[in-house]
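Understanding the architecture of this molecule
So you can see what is in the structure, the chains are spelled out below.
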Amino acid sequence: MLCHTHINHRFLLNNFRHHIMCQRILSGMKMLLLLSCWIIAGITAEGPPTRHYRVKNSSLCLHVGKPPGYLPPTTWLFNEKVIVVNEDISPNYTDKVVYNPKNLSLCINQLTERDSGIYKVTIIVKFVQRTESHRLIVEETVPTPALWMSVMRSNLSAGFCNITVNCSIWDDWVWSVCDGDSCRTPQRSFRRVNITISADNRFIVCSGNNHVSTSNVSESINATCTYIYCSVNRKPASGGSATSCA
């Protein structure tokens, strides 16, 4: 009888300990949940970076959406390196940026490719942290393309002339075969530039563009075909038609 009573006491004691342990675990989970909610409420979600394209040697001013009207704790970062803390500018950027504490904007001057990257501003307003991101991409002005044309096959009397075309910008190039109306494989995209070859009104047009500029050059199909034809047969007639030679 005593043994049975002892076993019941041990069983009740174990149940009590288990109940206390469960209560502590539930209490800890509640505290963790409350802490998570507090963190979420105190830090607003960061959206995708706003993209900006600028030409080399220009400038860009980055603005804070809905500035609070006073100077809150503020930090500007470039590729995770500190540029501005409150009203203080890093010595590495004093000649590069201008910071306006009234509206929290940051202006970057004399842009180069090295200024491309992610700019982040973090402000704290009423115990809520807000972060905004900007992606800057600096590109060069596209130079005038270099265009080479050579006759592949022609029958000028029948109005037929196929031309091989090579269009290059910087170290990139596109090769195509064109007639009077169209070009084959006329477009390619590269890291710094897009190159397009097209036929327009008996002219071959080579065009290069990026996000900040466009540059074109063109040459006459008739002039190229006639010149090649006449150089093989006889010289072009002065004031003659596109297919006449002297």
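Our subject is the structure that appears above.
What you see is a predicted model; the values in this text were computed from it and never measured. (Residues numbered from 1 in each chain as written. Predicted model: local features only at pLDDT ≥ 70, side-chain atom pairs only at ≥ 80, totals over all residues. Heavy atoms only, no water.)

Observations regarding the overall build of the chain
Selection rule: We count a stretch as a helix when DSSP gives it H or I for four or more residues in a row; a strand needs E for two or more, and each element gets its number in order from the N terminus. The rule is simple: take the accessible area with a 1.4 Å probe, protein chains only, and divide by the maximum for that residue type; under 20% is buried, over 50% is exposed, in between is partly exposed. Every accessible area reported is derived by Shrake-Rupley at a probe size of 1.4 Å, with residue values counting cover from the shown protein chains alone.
Scanning the chain from N- to C-terminus turns up two helices and 16 strands. Residues classed as buried in the chain amount to 31% of the 246 residues present. Per element, the accessible surface of the chain, about 16100 Å² overall, is 57% carbon and sulfur.

Here's the deal with the state of the cysteines
Selection criterion: Disulfide: a pair of cysteine sulfur atoms within 2.5 Å of each other.
Per the counting criterion, the structure on display carries three disulfides. Covalent S-S linkage joins Cys167 and Cys206, the inter-sulfur distance amounting to 1.4 Å. One end of the pair, Cys167, is in strand S11 (residues 160–169); the other, Cys206, is in strand S15 (residues 203–209), and 39 residues separate them in sequence. The two residues Cys167 and Cys206 agree in class, both being buried. There is a disulfide in this structure between Cys178 and Cys183, and the S-S distance comes to 2.1 Å. Because the torsion about its S-S bond is 115 degrees, the bridge between Cys178 and Cys183 counts as right-handed. In terms of burial, Cys178 and Cys183 fall into one category: buried.

Side note on the pairing of strand S9 (residues 128–139)
Selection rule: Strand pairing is defined by DSSP finding a minimum of two bridges between the two strands.
Alignment of strand S1 (residues 50–55) against S9, held across six bridges, turns out to be parallel. Bridge pairing links His52 to Leu136 in S9. In textbook terms, the turn of a hairpin is the stretch between consecutive antiparallel strands, and for strand S8 (residues 117–125) and S9 this stretch comprises two residues, one of which, Lys126, has a positive phi near 55 degrees.

Comments concerning the side chain of Glu139
The line we're drawing: The charge count treats Lys and Arg as positive and Asp and Glu as negative. His and the chain ends do not count. We define a salt bridge as a side-chain nitrogen of Lys or Arg found within 4 Å of a carboxyl oxygen belonging to Asp or Glu. Distance and chemistry together define a polar contact, namely a pair of N or O atoms within 3.5 Å, with one atom able to donate a hydrogen and the other to accept it when in protein, and with adjacent residues in sequence counting only for side-chain atoms on both sides. Contacts are assigned to residue pairs that have any heavy atoms within 4.5 Å of one another.
The topology assignment puts Glu139 in strand S9. No salt bridge is formed by the buried Glu139; its nearest oppositely charged neighbour, Arg191, is found at 8.3 Å. A polar atom in the side chain of Glu139 sits 2.9 Å from the backbone nitrogen of His211. In this view, Glu139 contacts Tyr53, Arg54, Val55, Lys56, Asn210, His211 and Val212; residues no more than four positions away in its chain are not counted.

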